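Read off the chains here:
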Amino acid sequence: MIGFLITLYAGLEHAFEADHLLAVNSLVTNRNKTKEAIKDGVFWGIGHTTTLFIVGIVMIGFKVGFSENIFHYLEASVGLMLVFLGIYRMKKLVKFDYHSHTYWHSHDGLKSHSHTYSHKHWYVVSSHTHDNEVSNTNNYKTALTVGMVHGLAGSGALVVLVLSQMKSAFEGLLYILIFGVGSIIGMFLASGLLSVPYTKNALKSPKLQLILTVFSSILCVLYGLKVVYEQLF
């Protein structure tokens, strides 16, 4: 019983690793309600647990081995995903507007002519725009996918640990499942905490929310590049 409680705590702690927090933080900046952000965290945890369990079945149940290099590439894919999430979030902060102006003029009293000039300009929006924009992202598929990629990348080390500690395949898979439940609980807590600065009633200053969003997005990109470099070079 104590062993399973330790496993649950290990999963909870696992959710608070830097790459997990940065990815989920990029997701929750789209939310203006803590409830919606928490759902992102839960779906991340479900995706994470799903791939952990599937890889566990393949490696423990069917005794299929994978090269260590494969998991290095998977870790690098997490880095690329972080880079994409950070850039995509910053891209959503910039809006482009197209304007056209029509000018009428005449030459020497002759028939008037018109000329239309079009131009565009960009502007920065706050970290939240309108409620209907937020509601359009409420399908949580992105959070589920991000969690699955994280689970796939981290599954190798976890399964190796399970194989060295557990006495049977059933016990090993149960360990992974409990670990996954712990990660869901951990991300439930983390996403709720991370969403606080972006809720309507927390920080009243849109500029401060914007600064936090840009800072977290840049940090996500830089950390992602660091992961890619460490895993591939």
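Scoring rules and cut-offs
Residues numbered from 1 in each chain as written. Predicted model: local features only at pLDDT ≥ 70, side-chain atom pairs only at ≥ 80, totals over all residues. Heavy atoms only, no water. Salt bridge = Lys/Arg side-chain N within 4 Å of Asp/Glu carboxyl O. Buried < 20%, exposed > 50% of the residue type's maximum accessible area, 1.4 Å probe, protein only. Helix = DSSP H or I, 4+ residues; strand = E, 2+ residues; numbered from the N terminus. Axes fitted to C-alpha atoms, helices over the stretch in contact; angles between N-to-C directions. Parallel < 35°, antiparallel > 145°, perpendicular 65-115°, else oblique. Left-handed = near helix turned anticlockwise from the far one by under 90°. Contact = heavy atoms within 4.5 Å. Nonpolar A, V, L, I, M, F, W, Y, C, P; charged D, E, K, R; others polar. Core = buried A, V, L, I, M, F, W, Y, C linked by side-chain atoms within 4.5 Å. pLDDT = per-residue confidence, 0-100. Polar contact = N/O pair within 3.5 Å; in protein donor to acceptor, adjacent residues only side chain to side chain. Patch = residues over 30% accessible without salt bridge, like charges linked within 9 Å, V, L, I, M, F, W, Y side chains within 5 Å. Areas by Shrake-Rupley, 256 points an atom, 1.4 Å probe, with all protein chains shown as cover. Expected span 1.5 Å × (residues − 1). Phe/Tyr/Trp six-rings, centres within 6.5 Å; stacked < 30°, edge-to-face > 60°.

**Some points on the pattern of salt bridges**
Turning to step 1, where the next piece is worked out: This model, assessed by the stated rule, comprises 2 salt bridges.
Turning to step 2, where the next piece is worked out: Note that Arg31 is salt-bridged to Asp40, the shortest N-O span being 2.8 Å.
Turning to step 3, where the next piece is worked out: Of the residues examined, Arg31 reaches a relative accessible area of 3% and is grouped as buried.
Turning to step 4, where the next piece is worked out: For Asp40, a relative accessible area of 3% translates into the label buried.
Turning to step 5, where the next piece is worked out: Measuring nitrogen to oxygen at the nearest pair gives 2.8 Å for the salt bridge that ties Lys226 to Glu230.

**Side note on unusual backbone geometry**
Turning to step 1, where the next piece is worked out: Despite not being glycine, Lys63 has its phi angle at roughly 55°, a positive value.
Turning to step 2, where the next piece is worked out: Looking at where Lys63 falls in the secondary structure, it is placed in the loop between helix 3 (34–61) and helix 4 (68–91).
Turning to step 3, where the next piece is worked out: Here Lys63 falls in the exposed class, since its relative accessible area comes to 70%.

**Let's talk about the packing of helix 2 (residues 18–28) against helix 7 (residues 169–195)**
Turning to step 1, where the next piece is worked out: Across the interface, helix 2 lies against helix 7 with an axial gap of 9 Å and an inter-helix angle of 55°. As summarised for this structure, helix 2 and helix 7 are arranged oblique, according to the angle between their axes. In the crossing of helix 2 with helix 7, the sense of the turn from one axis to the other is right-handed. On helix 7, the residues that touch His20, Leu21, Val24, Asn25 and Val28 of helix 2 are Met187, Ala190, Ser191, Leu194 and Ser195.
Turning to step 2, where the next piece is worked out: Residue classes in the contact of helix 2 with helix 7 are distributed as 6 nonpolar, 4 polar and no charged.

**Structural notes on the nonpolar core**
Turning to step 1, where the next piece is worked out: Counting residues in hydrophobic clusters, the biggest one holds 31 residues, and the most contacted among them are Leu85, Leu158 and Ile176.
Turning to step 2, where the next piece is worked out: Breaking this core down by element, the ones donating at least two residues are helix 2, helix 3, helix 4, helix 6 (141–165) and helix 7.
Turning to step 3, where the next piece is worked out: The residues touching Leu85, leaving out its near neighbours within four places in the chain, are Ala23, Ser26, Leu27, Val146 and Cys220.

**Section: the confidence of the model for the chain**
Turning to step 1, where the next piece is worked out: Residues with a pLDDT of 70 or more make up 79% of the chain, whose mean pLDDT is 83.
Turning to step 2, where the next piece is worked out: Of all the helices and strands in the chain, helix 5 (residues 131–135) carries the lowest mean pLDDT, 42, while helix 7 carries the highest, 95.

**Here's the deal with the side chain of Thr29**
Turning to step 1, where the next piece is worked out: In this fold, Thr29 is placed in the loop between helix 2 and helix 3.
Turning to step 2, where the next piece is worked out: Side-chain polar atoms of Thr29 contact the backbone oxygen of Ser26, separated by 2.9 Å.

**Examining a nonpolar patch on the surface**
Turning to step 1, where the next piece is worked out: On the surface, Phe16, Leu177, Val181, Ile185, Phe188, Leu189 and Leu193 cluster together to form a nonpolar patch covering roughly 590 Å² of accessible area.
Turning to step 2, where the next piece is worked out: By secondary structure assignment, the location of Leu193 is in helix 7.

**Brief notes about helix 3**
Residues spaced three or four apart along an α-helix face the same direction, because each turn holds 3.6 residues.
Turning to step 1, where the next piece is worked out: The end-to-end C-alpha separation of helix 3 is 39 Å, in line with the 40 Å expected for 28 residues at 1.5 Å each.
Turning to step 2, where the next piece is worked out: After helix 3 finishes, the residue Lys63 shows a positive phi value of roughly 55°.

**Quick notes on the packing of aromatic side chains**
The way to describe two aromatic rings as a pair is by their centre distance and the angle between their planes.
Turning to step 1, where the next piece is worked out: Counted according to the given criterion, the structure contains 4 aromatic pairs.
Turning to step 2, where the next piece is worked out: Aromatic side chains Phe84 and Tyr88 sit 5.8 Å apart centroid to centroid with 15° between the ring planes, which places their arrangement in the stacked category. With Phe84 and Tyr88 both in helix 4 and 4 residues apart, the pair spans about one turn of that helix.
Turning to step 3, where the next piece is worked out: Accessibility expressed as a relative area gives 54% for Phe84, which makes it exposed.

**Re the environment of Val64**
Turning to step 1, where the next piece is worked out: Turning to its location among the elements, Val64 is positioned in the loop between helix 3 and helix 4.
Turning to step 2, where the next piece is worked out: Leave out the neighbours within four places in its chain, and Val64 touches Val58 and Met59.

**Considerations on the environment of Leu8**
Turning to step 1, where the next piece is worked out: Among the structural elements, Leu8 can be located in helix 1 (residues 2–14).
Turning to step 2, where the next piece is worked out: In this structure the C-alpha to C-alpha distance between Leu8 and Gly180, which are 172 residues apart in sequence, comes to 7.8 Å.
Turning to step 3, where the next piece is worked out: In contact with Leu8, not counting residues within four places along its chain, are Ile178, Val181, Gly182 and Ile185.

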